[in-house]
Amino acid sequence: NPLVANIDITTAASDWLWAVFAVMGLSAIILLVLGHATRPIGERAFHELAAALCFTASIAYYSMASDLGATPIEVEFIRGGTLGQNWVDIGVLRPTRSIWYARYIDWTITTPLLLLELALTTALPLSQIFGLVFFDIVMIITGLLGALTASRYKWGFFVFGCVAMFWIFWVLFFPARKSASHLGTDYHRAYTSSAIVLCTLWTVYPIIWGVCDGGNVITPTSEMVAYGVLDLLAKPVFSFWHVFQLSRLDYARLGM
Ligand code: RET
């Protein structure tokens, strides 16, 4: 019953997840080949970071497409709904929802790599790069803890995660952008556009969380579509676009 349990994905959703799996894997290979073809050995870090995060995502999608890496959690969602002809309070029925924790394991690895893709083009001091990675991990792990929490305390975790995300955005827009401007206007321009794209895409994640793992408003199948589109934009599309931005820059100024 969809009112009391949001557990399974449809076969169409599984097909979609296999497609995302394939695109992620293929992107990883293409990024590696592109790095080898266009940059000498000491200048392939950005292609390799991008390939590593696409490869990691392809494993997460292998897991979700196979309907693995999820666990059912009781959700506290007190709302009435129709069951047949009758209006019932599904709050008393303790509805259940699958939480795909595999995606949080993916994000724990891949979001720091995405931030490194950006931060390493700014000559930001190591202490601030460390801070970015630290708060990024705080953001993802609080999201996971919140998703696995049945009670309303989940929203407390969510707030911690959002605070961490806004701290990251602040570092990206102020200290990191200033640092990039010291490398030259070409670096500053490439960095600023990449940072705007990254922050815009990342802002959508907590919104989806709110209607899936948080509020249990949309079905697991819709969740797979929403996160899938977003992951494709935030990982391969962002990475290809970012290495293209960098292709016109002279890495000597980064000391690589
Ligand atoms: C959560 C919930 C807790 C609050 C916040 C979140 C943000 C998650 C983000 C994830 C980004 C993932 C990416 C994946 C790559 O494909 C954990 C959903 C703020 C920003 C970029």
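See the structure printed just above.
Residues numbered from 1 in each chain as written. Predicted model: local features only at pLDDT ≥ 70, side-chain atom pairs only at ≥ 80, totals over all residues. Heavy atoms only, no water.

Before going further, it helps to spend a moment on the overall build of the protein chain. Of regular secondary structure, the protein chain possesses 8 helices and 5 strands. Mapped from its N terminus to its C terminus, the protein chain presents α and β elements in the order β-α-α-β-β-β-β-α-α-α-α-α-α. In terms of overall dimensions, the protein chain is globule-like: its C-alpha atoms have a radius of gyration of 20 Å, near the 18 Å expected for 256 residues. Principal-axis analysis of the C-alpha atoms gives the protein chain an extent of 70 × 35 × 20 Å. When the accessible surface of the protein chain is summed, it comes to about 11,800 Å², and 72% of that surface belongs to carbon and sulfur atoms. If you average the places of the 14 positive and of the 16 negative side-chain charges in the protein chain, the two averages end up 9 Å apart. (Helix = DSSP H or I, 4+ residues; strand = E, 2+ residues; numbered from the N terminus. Rg over C-alpha atoms; globule rule 2.2 N^0.38 Å. Areas by Shrake-Rupley, 256 points an atom, 1.4 Å probe, with all protein chains shown as cover. Lys, Arg positive; Asp, Glu negative; His and termini not counted. Charge placed at Lys NZ, Arg CZ, Asp CG, Glu CD.)

Moving on, we come to the packing of aromatic side chains. Going through the model one piece at a time under the given rule, you end up with 16 aromatic pairs. Plain terms: the ring middles of F46 and Y251 are 5.6 Å apart, the flat faces sit at 80° to each other, and that makes the pair edge-to-face. Of the two residues, F46 sits in helix α2 (residues 45-65) while Y251 sits in the segment after α8 (220-246), which places them 205 residues apart along the sequence. Given the relative accessible area of 0%, F46 is considered buried. Through a chain of ring-to-ring contacts, three or more aromatic side chains come together here, namely Y104, W107, Y205 and Y227. (Phe/Tyr/Trp six-rings, centres within 6.5 Å; stacked < 30°, edge-to-face > 60°. Buried < 20%, exposed > 50% of the residue type's maximum accessible area, 1.4 Å probe, protein only.)

Here we take up the pattern of salt bridges. All chains considered together, the criterion is met by 5 salt bridges. A salt bridge links R103 to E223; its shortest N-O distance comes to 2.8 Å. Placement of R103 in helix α3 (residues 102-119) and of E223 in helix α8 is noted, with a sequence separation of 120 residues between them. The class for E223 is buried, based on a relative accessible area of 0%. Ionic pairing is found between D106 and K235, a salt bridge with its closest N-O pair at 3.1 Å. (Salt bridge = Lys/Arg side-chain N within 4 Å of Asp/Glu carboxyl O.)

Looking now at empty space enclosed by the protein. In the structure shown here, the tally under the stated rule is 1 cavity of 30 Å³ or more. The volume enclosed by the largest cavity comes to roughly 310 Å³. What lines the largest cavity is a set of 21 residues, and nearest its centre among them are W107, M139, I140, Y205 and P206. Within the residue set of the lining of the largest cavity, elements represented by two or more residues are α3, α4 (126-147), α5 (154-173), α7 (185-214) and α8. Among the residues making up the lining of the largest cavity, the classes are represented as 15 nonpolar, 4 polar and 2 charged. (1 Å grid on protein atoms, 1.4 Å probe; cavity = no way out; pocket = protein on both sides within 12 Å on 5 of 7 lines; lining within 4 Å. Points joined across faces, edges and corners; volume = space filled by probe spheres on them. Nonpolar A, V, L, I, M, F, W, Y, C, P; charged D, E, K, R; others polar.)

A few words on α5. Between its first and last C-alpha atoms α5 spans 29 Å; for 20 residues at 1.5 Å apiece the expected length is 28 Å, and the two agree. Among the residues of α5, those classed as buried are K154, G161, C162, A164, M165, I168, F169, V171 and L172. Against α3, α4, α6 (175-183) and α7 lie the buried residues of α5. (Expected span 1.5 Å × (residues − 1). Contact = heavy atoms within 4.5 Å.)

Looking down a regular strand, the side chains alternate between one sheet face and the other. Residue alternation in strand β5 (residues 96-99) divides its side chains into two sets, T96 and S98 and R97 and I99, and both sets are buried. Pairing between strand β2 (residues 71-74) and β5: 4 bridges, direction antiparallel. Of the residues in β5, the one forming a bridge with T71 is I99. (Pairing = 2+ DSSP bridges.)

Below, the discussion takes up the site of the ligand. Taken together, 16 residues form the shell around the ligand, and within it T111, W202, Y205, D231 and K235 come nearest. For the ligand, an oxygen atom lies 2.7 Å from a polar atom in the side chain of K235. Protein coverage of the free-state accessible area of the ligand, which is 530 Å², stands at 100%. Because more than half of its atoms lie within 2 Å of the grid, the ligand is assigned to the largest cavity. Sorting the residues of the shell around the ligand by element identifies α3, α4, α5, α7 and α8 as the ones contributing at least two each. (Near = heavy atom within 4 Å. Polar contact = N/O pair within 3.5 Å; in protein donor to acceptor, adjacent residues only side chain to side chain. Sits in = over half its atoms within 2 Å of the grid points.)

Attention now moves to α8. Its 27 residues give α8 an end-to-end C-alpha distance of 37 Å, which sits within 8% of 39 Å, the value for a rise of 1.5 Å per residue. In α8, a bend of some 35° at F238 exceeds every other bend along the element. (Bend = angle between axes of the 7 residues up to and from the residue.)

One can find A52 in helix α2. Owing to a relative accessible area of 32%, A52 belongs among the partly exposed residues under this scheme. When the C-alpha positions of A52 and L113 are compared, they lie 8.2 Å apart, and in sequence the two are 61 residues distant.

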